[in-house]
Amino acid sequence: QVQTVESGGGLAPPGGSLTLSCAVSGTIHSINEWGWYRQGPEKQRELVAYITRSGSTNYADSVKGRFTLSRDHAKNTLHLRMDSLKTGDTAVYYCEVEVGLDDLGSTWHTWGHGTQVTVSS
C-alpha cells in the first residue's frame with residue numbers, strides 16, 4: 001500500500017540544474033531511509049544519495065558537491081537538487097524508501113517507476 005511517485009525529470013544542458021521530487025503515500029508511521037538511485041544506458045545501478053531518519057545524508061562520490069537532498073516532512077516529499085549537471089548524469093532516477101509501519105519494528109521497502117533525466121547539449 002506504500003507507494004513512491006517520482007517527478008521533475010527532463011532535459012537539461014551540461015552545467016544546468018534540475019530538481020527531482022519523490023512523494024510517498026500510504027500507511028506510514030515513520031520513514032527510516034529514503035534516497036535515489038539511477039541506472040544509465042549500459043551502466044550498473046548506482047546509489048546516488050540517501051537520507052536517514054536522523055537526517056544524516058550520504059552522497060556518491062560522483063555527485064558530491066553537486067547534488068543536495070532535502071526533506072519536506074509535512075508533504076512526505078524528498079527533493080534532490082542537481083546542479084552542474086554532466087552528460088554522465090543521464091539516467092533513469094528511481095526513488096527508494098524504507099518505511100516503518102508501526103512501533104513494533106515492521107518495515108516496508110519499495111520504489112517508484114522512475115523519472116528520466118537527460119543531460120545533453
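Look above for the structure.
All of the points below concern the structure found in this document.

How each quantity is defined
All residue numbers here refer to positions counted from 1 along the written sequence of the relevant chain. With pLDDT at 70 or above as the cut-off, local features in this predicted model cover only qualifying residues; side-chain atom pairs require 80 or more to be listed or tallied, and sums for whole chains, interfaces and linings still use all residues. Side-chain metrics in this entry use all non-hydrogen atoms of the structure; hydrogen atoms and water are not considered. In this description, strands pair whenever DSSP reports at least two bridges between them. By definition, any uninterrupted DSSP run of H or I lasting at least four residues is a helix, any uninterrupted run of E lasting at least two residues is a strand, and each is numbered from the N terminus. Only C-alpha atoms enter the line fits that serve as axes; for helices the fit covers just the stretch in contact. Angles between N-to-C directions range over 0 to 180 degrees. Note on classification: 1.4 Å probe, protein chains only; a residue is buried when its accessible area is under 20% of the maximum for its type, exposed when over 50%, partly exposed between these limits.

**Quick word on the sheet that holds strand E3 (residues 18–25)**
Right, on to step 1. Taken in spatial order, the 4 strands line up as E1-E3-E8-E7 in an open sheet, and their pairing is antiparallel. What marks the edges here is a single partner per strand, and that holds for strand E1 (3–7) and strand E7 (67–72). Across the sheet, the mean angle separating the axes of adjacent strands is 15 degrees when strand polarity is ignored.
Right, on to step 2. Relative to strand E8 (residues 77–82), E3 runs antiparallel, the two sharing 6 bridges. The residue of E8 that forms the bridge with Ser21 is His79.

**Considerations on unusual backbone geometry**
Right, on to step 1. Positive phi is not limited to glycine here, since Asn76 has a value of about 50 degrees.
Right, on to step 2. By the secondary structure assignment, Asn76 is in the loop between E7 and E8.
Right, on to step 3. The phi dihedral of Ser84 falls on the positive side, at around 50 degrees, and the residue is not glycine.
Right, on to step 4. Overall, Ser84 belongs to the partly exposed group, its relative accessible area being 41%.

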